[in-house]
Each structure stands twice: as structure tokens, then as C-alpha cells.
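# Structural overview for review
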Amino acid sequence: MKPLPTALLTATLTATGAILAPSAQAAVLVLQNATATISQDQFSVAKAVDGTTADDRGWAILPGTGAAQTAVFETQSDVGFGGGSVLTFTLESLHTSPFHTLGRFRLSLTTDDRSSFADGLATGGGVTANWTVLDFASFSSANGQTLTEQPDFSLLASGTNPATDTLTLTAPTSLTGITGIRLEMLTDASLPSNGPGRAPNGNFVVTEMSVSITAVPEPVDYAAFAGLALVAFGAWRRCRR
Ligand SMILES: [Ca+2]
Ligand SMILES: [Ca+2]
């Protein structure tokens, strides 16, 4: 049997691509009402999601180091695909004063009503909700830190302590109607001043946090692919007669 003509094969792939597109393309989440248990003067939690790293003063927590601190954000619209989603987080610590990287942290999601959490306060804000902790599928440090997953699903940084860093993390979720994201900064005895950051005084800076979401490809996509391939093959057979 001859292989499918290139033109026909291209048409098949294009048609299939259109069906698969919603699964393959990452949607960037718009986050709003940044809220934290504490924000350092001039380092408000809102700077962590203002869409820029031009201002290197992101979220920092002096004098609240040596203790766990929390930031929460609302998604602007409900997100989460019925067949499951994969979230990709980018956490940038690019402050010009070196070593303000993240020591230990974890991420969570909620589907609670937006009116019940994230009141927008930079210090003393409402961060309580029904949170589902994410179990990371992958995590990496651009500048060579060692990230180790802990029993509570947090990540602990060790080894090389670079001046700045960008962390990329992915995590699956079956949740739909996601209304909020929580970033918990956690202490650890291995961190300077008990953390939760890796600066000598336990501080850190989140210059920018960005989140995108993709759908886990659903079985129906593969069925559609097979169906299209059969249609294309049938058309090719008819053309050959
Ligand atoms: Ca709210
Ligand atoms: Ca920022």
C-alpha cells in the first residue's frame, strides 16, 4: 500500500490539530486581590502578580521571617478542565540584593467563593479557605538550587544558593471551578534564620509569580483523531479508484 499523499496527511493533521488545540495551548491565569499574612514595607504581595519584573521589589516579609507566612490570590475567572488540568507555575526571585530566593514553600488551590478569602490586605489579610495542596509532578531551578519534595508536599531548597533564581513547577489537579491559589512560605531548620527564605535573615522576594493551565488530553480527542484518520483514509481510497 502506498503511503498517504502528503497533502492529505497534512489536511488530516491540521483538522486534528484544531480539535486538540484547547488541550495543547496553555492559558495564562489572571490573578487578583493579592492578600498576605504580612508584607514588608514597599514589598507588597501585590507586586508578586503585577505582571512585571521591571520593579524588582516583589513580595517580601520583614519583619515576619522565622515564621510561616502565606499569600493568596483569586483567579479572575473559574478555571479547571473536566478531564483534569496541569498547572505550570513560574516563581521568579530577581531582587537585586542577592540570595532572596525561596527556602521552603508549597502551593494549594481552592474552589471557595471569592468573597470568603483574599480580602486584598497586604498584611493581616484573610487567607483562610478550603485549600487543596498540590503534589508537584515536576520542579526545576534555573540557577542550580536543589529542590527536594517533603512529606507535606512542600519543596525545600538546598545546595547552591544563587543570587537570583527562577523556579518552574508543574502540578496536576482534578479540580474544576478553581477560584484561588495559595503560596505558603514555610520554615525549616536547615534555612538561614529558620527561613522561610534563603537570605541570611530568612527573607525572600517573589518578584513575580505566573500561572498557566492546560487540559489533560481527553480520550475523546484520540477518538476524534482516529475518526478523522479513517475519514481521510476513506477519501484517499475513493480518490484512488
Ligand atoms: Ca476575595
Ligand atoms: Ca512583579
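Scope of this entry: the structure provided in the associated data block. Once a new chain begins, its residue numbering starts again from 1 and follows that chain's sequence as written. By the order in which they are written, chains take letters starting at A while ligands take numbers starting at 1. Two thresholds apply to this predicted model, a pLDDT of at least 70 for residue-level local features and 80 or more for giving and counting side-chain atom pairs, whereas whole-chain, interface and lining totals are computed over all residues.

## Concerning the overall build of the protein
Short version of the rule: Only DSSP runs of H or I covering at least 4 residues are called helices, and only runs of E covering at least 2 are called strands; the numbering of each starts at the N terminus. Each residue is classed by its C-beta neighbour count within 10 Å, where at least 20 other C-beta atoms makes it buried, 12 or fewer makes it exposed, and intermediate counts make it partly exposed; the C-beta atoms are placed from backbone geometry. It is the C-beta atoms, placed from the backbone, that decide contacts: two residues are in contact if theirs lie within 7 Å.
A tally of helices and strands in the protein yields two helices and twelve strands. Burial analysis of the protein (241 residues in total) assigns 38% to the buried set. Across the protein, every contact between residues at least 6 apart in sequence was considered, and the portion connecting residues at least 24 apart equals 75%.

## Overview of the pairing of strand β4 (residues 85-93)
We count it as follows: A pair of strands is considered paired only if DSSP assigns at least 2 bridges between the two.
Inspection of the sheet shows β4 paired to strand β10 (residues 165-173) by nine bridges, in the antiparallel sense. Each residue of the ladder has a partner; that of Leu-91, found in β10, is Leu-167. Taken together, the eight bridges between β4 and strand β12 (residues 208-215) define a ladder with antiparallel strand orientation. Within β12, the position partnered with Phe-89 by the bridge is Val-211.

## Brief notes about the pairing of strand β9 (residues 155-158)
If a strand is regular, its side chains alternate between the two faces of the sheet. As defined by bridge partners, strand β5 (residues 104-110) adjoins β9 across two bridges and the pair is classed as antiparallel. In the sheet register, Phe-105 faces β9, and the bridge partner there is Leu-155. Linking two consecutive strands that pair antiparallel, namely strand β8 (residues 146-149) and β9, is a turn of five residues; a positive phi of about 75° is found at Phe-153 within it.

## Some thoughts on the sheet that holds β10
Pairing in this open sheet of five strands is antiparallel, and the strands run β1-β12-β4-β10-β7 from one edge to the other. A strand with exactly one partner marks an edge of an open sheet, and here the two such strands are β1 (27-28) and β7 (138-141). Bridging between β1 and β12 involves two bridges; their strand directions are antiparallel. Each residue of the ladder has a partner; that of Val-28, found in β12, is Ser-212.

## Remarks on unusual backbone geometry
Leu-62 connects to Pro-63 through a cis peptide bond whose omega is 5°. Its location among the elements puts Pro-63 in the loop between β2 (31-36) and β3 (69-79). For the bond from Gly-195 to Pro-196, the omega torsion is 10°, close enough to zero to count as cis. Looking at where Pro-196 falls in the secondary structure, it is placed in the loop between β11 (178-185) and β12.

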